[in-house]
Amino acid sequence: MKSILKFGGTKRRTYAEQKALWGFIYVLPWLLGFLLFFLIPLVSSLRYSFSSIEANASGMNISFIGISNYVEALTVNTSFNRTLTTSIVNMVINVPLIVIFSLFLAVLLNQRFVGRAIARSIFFLPVILASGVIANLETTSLVQAINEQNAGGAVSGLGTSELTRIMINSGVSENIVTYLTSAVDRIYQIVSQSGVQILIFLAGIQSVSPQLYEASKIEGATGYEAFWKITLPMVSPLILVNVIYTVIDSFSRSEMTKLIQETGFTNFNFGLSSAMAWIYFLAIMVILLIITFFISKRIFYQE
Amino acid sequence: MIIARLLSPESWKRWLWTVVRLVLMAGLSFVILYPILQKISTAIKDKSDLYSPIVVFIPEHYSLDNFKQAISIMDYWHTLFNTFTLSAMTTILTAVSCAFAGYAFARLKFKGSNLLFGGVILTILVPPTTILIPIYMNLKDFSLMGLIPLLTGKSVNLLDSYWPFFLTSVTANSLKAGLYIFIFRQFFRGIPKEVEEAAYIDGAGVGKTFMRIMLPNAVPAIVTVLLFSFVWQWNDSFFTTTYLTSGKVMSTQLASLPHNLSIMLEGGVATNKDPFYMSMVQDTGILLAILPLIIIYLFVQRYFVESIERTGIVG
């Protein structure tokens, strides 16, 4: 190896240069698209949000009006504030549930048991089914609602009320109880949104070296201890990845998206719509920054 | 001896855990499969079973009327063909362009490539709604930075055609493409450098190394990206409704199915608009729309589940 390096003294740089050149060529298509379909639209969206736009036969009139679009979105528009808060609150509620749930399932799916292959393929099914238009339509099925009524609530009424009483009686805070029971009630929603996250965690768990588990077993650690002392620290970087992914994934389901689209394409108020989109984007960025700040302190990196 | 071991608390604990795990897995699998089973049972029901109190899952009268109805309203075969072409086209182009970009970001470092990779992360983070309107305007009067008007005199309207999908996927900027670039980059970073160096010493250039050495090794990543991209394109209604206003694609057809159905029912018999019946046909429509995906999943899931573990998403 050393002799090759020595031999390649001059040749090596040209190889590096060659690689840099090809690297640029390979990135070029993406770069063009990035400029055309991302950066320029992003900048013009920012510009639109500060202007009033009138489309007429001769084209578009864009005139700068300062922050009045933002003011209108936040103070005049009737549904914006409500939609923004609900979608962000929903997101904040769902993210920890989804991440914890998918970590738990990934640990389970990593164990050996009969029917593991089947279980895995069922749990990744939501990756395929619960996205886009199908997820939207699924919630509106009348027949399903009626059937659940007829069947005496085979799925919906898993009897969380009993559990609630037990937990409240045993002195658990009421807020926590409602949070948990609402999680149980929305189990389908949570399961269907955690397909990709399970995949990521599973991949992470499998990349943990088996020696660690062996050593801990010899030292007498139980499976429970092994989870907290080995699995969790080792996959902790992925918790951040998954949190970010879950937040991003919630865009597509958000009511906000619908409102922005409606304002833009039904009412043709492009300026207001862009201002809304930017407020939404900034709100999410703030949340992501806060989450990253708190989580990244606790992450364990091997290096 | 054996009995003593069977009765020991250790084995009890293990058995208990096995049972708990089994129940949990079965329950959650049921939760996932329940809507699909429900849809299947609704779809094969006859209209007369709809109000029958004794029919919950297994219908008394089987009928394929719902399928016929949904197929005719959705223009199913035509739509299926359109959707398949569209998804397959964008999937393949996206995978190719993202593989190139991902490889370059992983191994072919040049000045500023880290900065550009920051751009990739940015495309993942910005909600598509933020840039939707300018993209829409841009495509409506597509000028390619003033080039096309120079040649033909006026800009072209690319909306309502496959061009937006083609252009964005060739340039690795289609739906969630940032994620695919990320996946490829992480995967290529995991392939040992020595492999590449050996190829170089044997006289392969950068292009040949990529084509002959790296890509064949990247099958897991490719399968993952292909599946994700195909499925998400298939289900996407966000971009499709914007780019393709009148094209018949599965997601738009599905979104407008309730509307079309009510028009058709009103056109026929005046008071035939039964909401439950409409919901029934809608369920059938959803089932028809996801059926191709489920069939594809059945074939690729083995590779998929295996491959994801080696994709190095984890990095």
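Residues numbered from 1 in each chain as written. Chains lettered and ligands numbered in written order. Predicted model: local features only at pLDDT ≥ 70, side-chain atom pairs only at ≥ 80, totals over all residues. Heavy atoms only, no water.

The name recorded for chain B in an unreviewed UniProt entry is Multiple sugar transport system permease protein, from Paenibacillus rhizosphaerae. Per its UniProt entry, chain B bears the Sequence similarities (unreviewed entry) comment "Belongs to the binding-protein-dependent transport system permease family." (UniProt positions renumbered as here; feature names shortened; annotations may be inferred.)

Named according to an unreviewed UniProt entry, chain A is ABC-type sugar transport system permease subunit originating from Paenibacillus rhizosphaerae. Regarding chain A, the relevant UniProt record gives this comment under Sequence similarities (unreviewed entry): "Belongs to the binding-protein-dependent transport system permease family." Among the UniProt annotations of chain A, the heading Subcellular location (unreviewed entry) holds the following wording: "Cell membrane".

Asker: For this particular structure, what's the right way to read the interface of chain A and chain B?
Answerer: You'll often see interface size given as the accessible area lost when the parts meet. Chain A puts 93 residues into the contact, and the matching count from chain B is 99 residues. A buried area of about 8,800 Å², summed over both sides, lies between chain A and chain B, and 77% of it is on carbon and sulfur atoms. For the pair chain A and chain B, the number of links is two salt bridges. As a salt-bridge pair, Lys19 of chain A and Glu196 of chain B come within 3.3 Å of each other at their nearest N and O atoms. Counting residues per element, the side of chain A that touches chain B draws most heavily on helix 2 (residues 11-49) of chain A, at 24 residues. Of the residues contributing to the side of chain A that touches chain B, the split by class is 64 nonpolar, 21 polar and eight charged. (Contact = heavy atoms within 4.5 Å. Buried area = accessible area lost by both parts, 1.4 Å probe. Salt bridge = Lys/Arg side-chain N within 4 Å of Asp/Glu carboxyl O. Helix = DSSP H or I, 4+ residues; strand = E, 2+ residues; numbered from the N terminus. Nonpolar A, V, L, I, M, F, W, Y, C, P; charged D, E, K, R; others polar.)

Asker: Can you walk me through the packing of aromatic side chains in this structure?
Answerer: Pairs of aromatic rings are described using the distance from one ring centre to the other and the angle between the two planes. All names here are of chain A. Counted by the stated rule, this structure contains 27 aromatic pairs over all chains. Centroid distance Trp30 to Phe34: 4.8 Å. Interplanar angle 20 degrees. Geometry classified as stacked. Of this pair, Trp30 and Phe34 are both found in helix 2, four residues apart, which corresponds to roughly one turn of the helix. Across the pair, exposure class does not vary: Trp30 and Phe34 are buried alike. (Phe/Tyr/Trp six-rings, centres within 6.5 Å; stacked < 30°, edge-to-face > 60°. Buried < 20%, exposed > 50% of the residue type's maximum accessible area, 1.4 Å probe, protein only.)

Asker: Please clarify how the domain arrangement of chain A should be interpreted in this entry.
Answerer: All names here are of chain A. Here chain A is described as being made up of domain 1 (2-49) and domain 2 (88-153 + 186-298). At the interface, five residues of domain 1 touch four residues of domain 2. Both sides together, the interface formed by domain 1 and domain 2 hides about 420 Å², and carbon and sulfur atoms give 70% of it. Viewed at the interface, domain 2 and domain 1 are joined by zero salt bridges. At the junction of domain 1 with domain 2, the criterion picks out one residue pair in polar contact (both at pLDDT 80 or more). For the side of domain 1 that touches domain 2, a count of residues per class yields three nonpolar, two polar and no charged. (Domains from an automatic or database assignment. Polar contact = N/O pair within 3.5 Å; in protein donor to acceptor, adjacent residues only side chain to side chain.)

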